[in-house]
Amino acid sequence: NTMRGFSDKGISLGPLANVTIHNNLIENCNIGIQIKDSSDPEISHNTIVACTAFGINSYIKGQGPGGPGLGSGTNNIIWDCGVSIFMEDGSTLDIQHSLIQGTSVWFGVGNVTNDPQFMDSATGNYRLSVESPAVDAATALSWLPTAVDLDGRARVYNGAPDMGAYEYQPPVLP
């Protein structure tokens, strides 16, 4: 799925949402993913870019069942957002093997802050270039062997998965 140019949220999780969020490009929204009120999503292989306020925001809205936002995230890219990840009200988010822009590495196994080296972010092409530190840097998840990326290509290429919504594969020459 591609969520592009939303003035509010790309994905918003309401009270007690227990969902999986896989293989999405979320670009140029105010907030990429909003987690609130005891929602507990599994967020993996997403590319969240150029969101004005937050890449991911987790909090208590204060109505309904309440409770902080929870969740886990694996193999994501969060880049060029106002704030990459913002958690308030006791929220927790277990992030691993993800590329997250910031001045320090986000706590968790395998996280990095290097420039993702997209093919051409100026034109909205957030596929990975061969130089990207996200290539072959993700961790294997149980559903990956038969999965496809956002372009419909094999999720694992060259023996190891990539971070983000797109799996790098060399261009096909005519």
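Our structure's up above, just so we're on the same page.
Note that this is a predicted model, so its numbers are computed, not measured.

Criteria and thresholds
Residues numbered from 1 in each chain as written. Predicted model: local features only at pLDDT ≥ 70, side-chain atom pairs only at ≥ 80, totals over all residues. Heavy atoms only, no water. Helix = DSSP H or I, 4+ residues; strand = E, 2+ residues; numbered from the N terminus. Contact = heavy atoms within 4.5 Å. Pairing = 2+ DSSP bridges. Axes fitted to C-alpha atoms, helices over the stretch in contact; angles between N-to-C directions. Phe/Tyr/Trp six-rings, centres within 6.5 Å; stacked < 30°, edge-to-face > 60°. Buried < 20%, exposed > 50% of the residue type's maximum accessible area, 1.4 Å probe, protein only.

**Q** Describe the side chain of Asn76, and please don't skip the residues or the numbers.
**A** Inspection of the secondary structure puts Asn76 in the loop between strand 9 (72-74) and strand 10 (77-79). Once residues lying within four places of it in the same chain are set aside, the contact partners of Asn76 are Ile43, Ser44, His45, Asn46, His97, Ser98, Leu99, Met163 and Gly164.

**Q** Mind laying out the sheet that holds strand 6 (residues 42-44), listing which residues take part and the relevant values?
**A** Either a parallel or an antiparallel arrangement is found when strands of a sheet pair, and the pairing is made through backbone hydrogen bonds. Read across the sheet, 4 strands follow the order 3-6-9-12 without closing on themselves; strand pairing throughout is parallel. This sheet does not close on itself; its edge strands, each paired only once, are strand 3 (20-22) and strand 12 (94-96). The mean angle between the axes of side-by-side strands here comes to 10 degrees, regardless of whether they run parallel or antiparallel. Strand direction decides the pairing type here: strand 3 and strand 6, joined by 3 bridges, are parallel. Bridging from a neighbouring strand, Thr20 pairs with Glu42 of strand 6.

**Q** Which residues make up the packing of aromatic side chains, and what are the values?
**A** Within a pair of aromatic rings, the relevant descriptors are the distance that separates the centres and the angle that separates the planes. Taken as a whole and judged by the stated rule, the model has 2 aromatic pairs. With a centroid separation of 5.1 Å and 15 degrees between ring planes, the pair formed by Phe54 and Phe86 is classed as stacked. You can see Phe54 sitting in strand 8 (residues 54-59) and its partner Phe86 sitting in strand 11 (residues 83-87), a full 32 residues away along the chain. The exposure class of Phe86 is partly exposed, given its relative accessible area of 33%. Ring centres 5.0 Å apart and planes at 85 degrees place the aromatic pair Phe118 and Tyr126 in the edge-to-face group. Judged by relative accessible area, Phe118 falls into the buried class, the value being 12%.

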